[in-house]
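Inside the fold
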Amino acid sequence: MAGPAPSAADELPGPARRLYSRMEASCLELALEGERLCKAGDFKAGAAFFEAAVQVGTEDLKTLSAIYSQLGNAYFYLKEYGRALEYHRHDLLLARTIGDRMGEAKASGNLGNTLKVLGRFDEAVVCCQRHLDIAQEQGDKVGEARALYNIGNVYHAKGKQLSWNAAQDPGHLPPDVREPLRRASEFYERNLSLVKELGDRAAQGRAYGNLGNTHYLLGSFMEATAFHKERLAIAKEFGDKAAERRAYSNLGNAHIFLGRFDVAAEYYKKTLQLSRQLKDQAVEAQACYSLGNTYTLLQDYERAAEYHLRHLLIAQELADRVGEGRACWSLGNAYVSMGSPAQALTFAKKHLEISQEIGDRNGELTARMNVAQLQLVLGRLTSPAATEKPDLAGYEAQGARPKRTQRLSAETWGLLRLPLERSIPRAPSSDEECFFDLLSKFQSSRMDDQRCPLEEGQPGAAEATAAPTPEERVAQPSLTASPQTEELLDLIASSQSRRLDDQRASVGSLPGLRVTHSNLGRLRGDGDPQEPGDEFFNMLIKCQSSRIDDQRCPPPDVLPRGPTMPDEDFFSLIQRVQAKRMDEQRVDLAGSPEQEADGSPEPRQQCQPGAS
């Protein structure tokens, strides 16, 4: 005799099952608990309760729409963007079906934000524009402001991603990079005008900050500083220390490209102070790295080395090998500039070791060249001081400045023109070529994947089913895919092969929906089922058809970005600024015999750590 059928409670996660058994939880009660947990910041537990609510189900269409929306948001914060996209699509379909225009606007905006994070910028713009159109149609000023801000964010993200690949200084970006940044600025300006009208000071602060960032990338540094100063004032008004810290950092970045290195250093010191108040070690390390670069530009190499060393110590504490390698590289350059090849060699060797460990081929090439050149120089020096090694034990997080050692002669100095990491042309690695070959082969099959399979017996069914699967196309014997590449291709396959079916999914297939006589009329639209937006989805399909090139560029990062490293879009530029000034940085290092006999001049008074 068969046992009793499992109840809905048997399917629920542990916490939700206990709540269900205690009070015979309804869908709404589970959803309310999920909302409470998400508001408390526990998105994982909140998502579990929302999922439980979906399993219990409801006939209340408004409740189900709210659950979809919040569940999508919970997965977004958990960085499970595929699941976030799924529930926001459910929300959009349900909202359109029941004629909920405000719900449709909200779901479109959520979809746009999720697509932006996934790098699907054109589709994201379509969804955010839908949000804007409905908000304007409904006279919803708050929603209109939010949609304008979101569209600006999409264009900003697209422009920033393209600018990373352009590898050019701000203000000298190619037109295809400048255009999305210009559009972003336009939408941020419209958002700023509207939130001023609404009297929303917090939203004004966000708009000012993003306007500063876009103008910075466009090379309008004076405008960028003006916007960031407005952002700073509003952050102070609200006591928002994190926003204040970001504003100081952004002001420092802008002043670098205005040539005001001394002013930039003061802003970075304020960034450093606030990072300590916020007890954010990663940001503290980033500020130290910024200061190290700035003092290099100021040709104060001792102070530059001190800040790079503090960055190194934090990177080691946080197990950030990428940041640790970059700090060693920077320290090697600083000691070269101070005429201390023995110390420079120690850090160059450490940079080489870390580059090999993390698979940084470009860094490894740079480090090998540096080590070879430094060993050559040290072989031509006869002084015992040439072989001494730095006393790292004497340095602490708040510790002493580096010591100056023997100066180099003009003859040996010519050997010490170390190449900067960013100045070395990089040929595509075999792994990258493999990645592009795999992606190209996979993408050639996308149209078949997006079409629904033909039913058996229909003309052409045999040809359709005989086509190799994406997995078969990818699994070529001459190519070896890395786990990361396979994971990326699986993600593309799983999302794109279902996209058209998902977008036109039947309302009856929505999870958690209990169809009853009371809601059947609304679902059917009084006998005239509502197709979920042909025009809207056609726009999405056009965006999707153009994504093959977008997916090829840029390739995925070879290395993760270390938590102690600032955004590379700025600091790769700093390295190029340094490359132009290497000759200036190295003057007077040979020194006359009289100077060496009298000793080095006293370095300028240095601010004590934390006293800025």
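Remember, predicted model here, so these are calculated numbers, not experimental data.

What counts, and where the lines are drawn
- Within each chain, residue numbers correspond to sequence positions counted from 1 in written order.
- Selection of residues for local features in this predicted model requires a pLDDT of at least 70, selection of side-chain atom pairs for listing and counting requires 80 or more, and totals for whole chains, interfaces and linings are taken over all residues.
- Excluded from the side-chain calculations are hydrogens and water; all other atoms, namely the structure's heavy atoms, are used.
- By the criteria applied, helices consist of DSSP H or I runs no shorter than four residues and strands consist of E runs no shorter than two, each listed in order from the N terminus.
- It only takes one pair of heavy atoms within 4.5 Å for two residues to be counted as in contact.
- Every accessible area reported is derived by Shrake-Rupley at a probe size of 1.4 Å, with residue values counting cover from the shown protein chains alone.
- By nonpolar core is meant a set of buried Ala, Val, Leu, Ile, Met, Phe, Trp, Tyr and Cys residues that side-chain atoms within 4.5 Å join together.
- Each residue gets one of three labels from its accessible area relative to the maximum for its type: buried under 20%, exposed over 50%, partly exposed in between, using a 1.4 Å probe on protein chains only.
- Each axis is a line fitted through C-alpha atoms, taken for helices only over the stretch in contact, and angles between the N-to-C directions span 0 to 180 degrees.
- In these notes the angle categories are as follows: under 35 degrees is roughly parallel, over 145 is roughly antiparallel, 65 to 115 is roughly perpendicular, and the rest is oblique.
- By convention, the crossing between two helices is left-handed when the near helix turns anticlockwise from the far helix through less than a right angle, and right-handed when the turn is clockwise.
- In this classification, the charged set is Asp, Glu, Lys and Arg, the nonpolar set is Ala, Val, Leu, Ile, Met, Phe, Trp, Tyr, Cys and Pro, and all remaining amino acids, among them Gly, are polar.
- Two rings from Phe, Tyr or Trp (for Trp, the six-membered ring) form a pair when their centres are within 6.5 Å of each other. A pair whose planes differ by under 30 degrees is stacked, one over 60 is edge-to-face, and the rest are tilted.
- A pairing counts as a salt bridge when a side-chain nitrogen of Lys or Arg comes within 4 Å of a carboxyl oxygen of Asp or Glu.

**A look at the overall build of the protein chain**
Tallying secondary structure elements over the protein chain gives 31 helices and zero strands in all. Within the protein chain, residue pairs in contact and separated by at least 24 positions form 69% of the contacts whose partners lie at least 6 positions apart. Here the protein chain displays about 29500 Å² of accessible surface, and carbon together with sulfur accounts for 51% of that area.

**Quick notes on the nonpolar core**
Across soluble globular proteins, nonpolar side chains have a tendency to be buried as a group. One finds I151, V154, Y155 and L192 to be the most contacted residues of the largest nonpolar core, which totals 30 residues. Every element with two or more residues in this core is listed here: α5 (81-97), α6 (101-117), α7 (121-138), α8 (141-166), α9 (175-198), α10 (201-217) and α11 (221-238). By residue number, the principal contributor to this core is α8, which donates seven residues. When sequence neighbours within four positions are dropped, the list of residues in contact with I151 reads C128, Q129, L132 and F187. One finds C27, A31, L93 and I98 within the second-largest nonpolar core, a separate group that totals 26 residues.

**Here we look at the packing of α8 against α9**
Interaxial distance between α8 and α9 falls to 7 Å at its minimum, and their mutual angle equals 155°. When the interaxial angle is binned, α8 and α9 end up roughly antiparallel. The crossing of α8 and α9 is left-handed. Looking at the contact of α8 with α9, its residues break down into 17 nonpolar, six polar and eight charged.

**A look at the packing of aromatic side chains**
Aromatic rings in a pair are described by how distant their centres are and how their planes are angled relative to each other. A full pass over the atoms with the stated rule returns 14 aromatic pairs. Note on Y335 and F347: the rings are 5.7 Å apart at their centroids and 5° apart in plane angle, and the pair reads as stacked. Of the two residues, Y335 sits in helix α16 (residues 321-337) while F347 sits in helix α17 (residues 341-358), which places them 12 residues apart along the sequence. With respect to burial, Y335 and F347 carry one shared label: buried. Ring pairing ties together the aromatic residues F43, F76, Y77 and Y81, which thus form one cluster.

**Details of the environment of E29**
Residue position: E29 is located in helix α2 (residues 27-39). Judged by relative accessible area, E29 falls into the partly exposed class, the value being 32%. Along the sequence, E29 and F49 sit 20 residues apart, while their C-alpha atoms lie 9.3 Å from each other.

**Re the pattern of salt bridges**
Tallying each qualifying case throughout the model produces 25 salt bridges. Linking E186 and R183 is a salt bridge whose minimum nitrogen-to-oxygen distance equals 3.7 Å. Taken as a pair, E186 and R183 lie in helix α9 at a separation of three residues, close to a single helical turn. Owing to a relative accessible area of 37%, E186 belongs among the partly exposed residues under this scheme. Ionic contacts of the salt-bridge type, sharing partners, join the residues R96, R101, E104, R130 and E137 into one network.

**Observations regarding the environment of C127**
The topology assignment puts C127 in helix α7. The exposure class assigned to C127 is buried, which follows from its relative accessible area of 2%.

**Points about the side chain of E324**
Relative to the assigned elements, E324 resides in helix α16. On the accessibility criterion, E324 (5% relative accessible area) is buried. Non-local contacts of E324, meaning those with residues more than four positions away in its chain, are made with L312, A315, Q316, K350 and I354.

**Things to note about the packing of helix α13 (residues 261-277) against helix α15 (residues 301-317)**
Taken N-terminus to C-terminus, the directions of α13 and α15 make an angle of 25°; their axes are 14 Å apart at the nearest point. For the element pair α13 / α15, the angle class is roughly parallel. With respect to the hand of their crossing, α13 and α15 are arranged in left-handed fashion. Contact with α13, carried on its side by K269, L272 and R276, involves R303, Y307 and R310 of α15 and no other residues of that element. In terms of residue class, the contact of α13 with α15 is built from two nonpolar, no polar and four charged.

By themselves, these figures tell us nothing about what the structure is for.
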